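# Understanding the architecture of this molecule
Residue strings, one per chain:
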Amino acid sequence: MASSRPSYARIKEYLLSEIESGAYVAGDRIPAENALATQFGVSRMTANKAIRDLVQKGLLVRRVGSGTFVSQRKSESSLFDIRNIADEIRLRGGEHSSQIIALKEVAASEEVAVFLGVRTGTRVFYSEIVHRENGVAVQLERRHVNPKLAPDYLQQDFERQTPNAILVARYPVTDVENSVEAMLPSDEEAALLEMSPSDACLLVVRRTWSGELLISYTQLLHPGKRYKLNASRNT
């Protein structure tokens, strides 16, 4: 019995299955339209439609004169929801790892004092962590925390749990303030994120509250080529 599905849908499902199974990974060239048309017994135009749909979804990329390749998938976060980056990565089927750059007590600068709601010079906790997805750096997290709210913050094992997971477990987030901007990284930031200093980054500056308590002030720096934010929100 002939399948009721459109022919192009069968090709799309086949390519998606190959990508999801790892048969085709990022950078791999997929079969040419003529080859797919022959394999599925359809016209080249039908094969073209299947490929075009996957290009529009960002799963494939065409390179003139070279063919069609599996694209690099960008990590993604919601701008509205406060999610644990480790959970995000695992939900995508990836493996999360952390590199601890700094864990220390510092004097709040004027900027930190304003954003964290303390006096300039107040001793606050500071953590700097690079988060990786499958070994690739996707986020540099710089977080300042009021020690009165988390006195044992610096003693936590941030290779096993993220700062977000630890703080949210104690203080469920009720309010969040975000600002987003594109910027070029410093040489140090580029080195930590394993990227070129000439490539743009996405900076998210975030403050989180639990009721009346201002919990943390965080700067999240992402390589623009590896990360994107969405602005959808579940209601």
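See the structure above.
The structure displayed is predicted, hence computed values, not measured ones. (Residues numbered from 1 in each chain as written. Predicted model: local features only at pLDDT ≥ 70, side-chain atom pairs only at ≥ 80, totals over all residues. Heavy atoms only, no water.)

### Focus: the sheet that holds strand β7 (residues 175-183)
Strand order in this open sheet of six strands is β4-β5-β6-β9-β8-β7, and the pairing throughout is antiparallel. Pairing within the sheet leaves two strands with one partner each, and these edge strands are β4 (96-107) and β7. Across this sheet, the average inter-strand angle for adjacent strands is 15°, counted without regard to direction. For strand β5 (residues 123-133) and strand β6 (residues 136-145), the ladder comprises nine bridges, and the chain directions are antiparallel. The residue bridging R132 from the neighbouring strand is A137, located in β6. (Pairing = 2+ DSSP bridges. Helix = DSSP H or I, 4+ residues; strand = E, 2+ residues; numbered from the N terminus. Axes fitted to C-alpha atoms, helices over the stretch in contact; angles between N-to-C directions.)

### Things to note about the environment of L167
Its location among the elements puts L167 in helix α6 (residues 163-170). Distance from L167 to S210, taken between C-alpha atoms, is 10.0 Å for residues 43 residues apart in sequence. Ignoring anything within four residues of it in the chain, the contact list for L167 reads R143, V145, A150, Y153, I215 and S216. (Contact = heavy atoms within 4.5 Å.)

It is worth stressing that arrangement in space is one thing and function is another; only the former is reported here.
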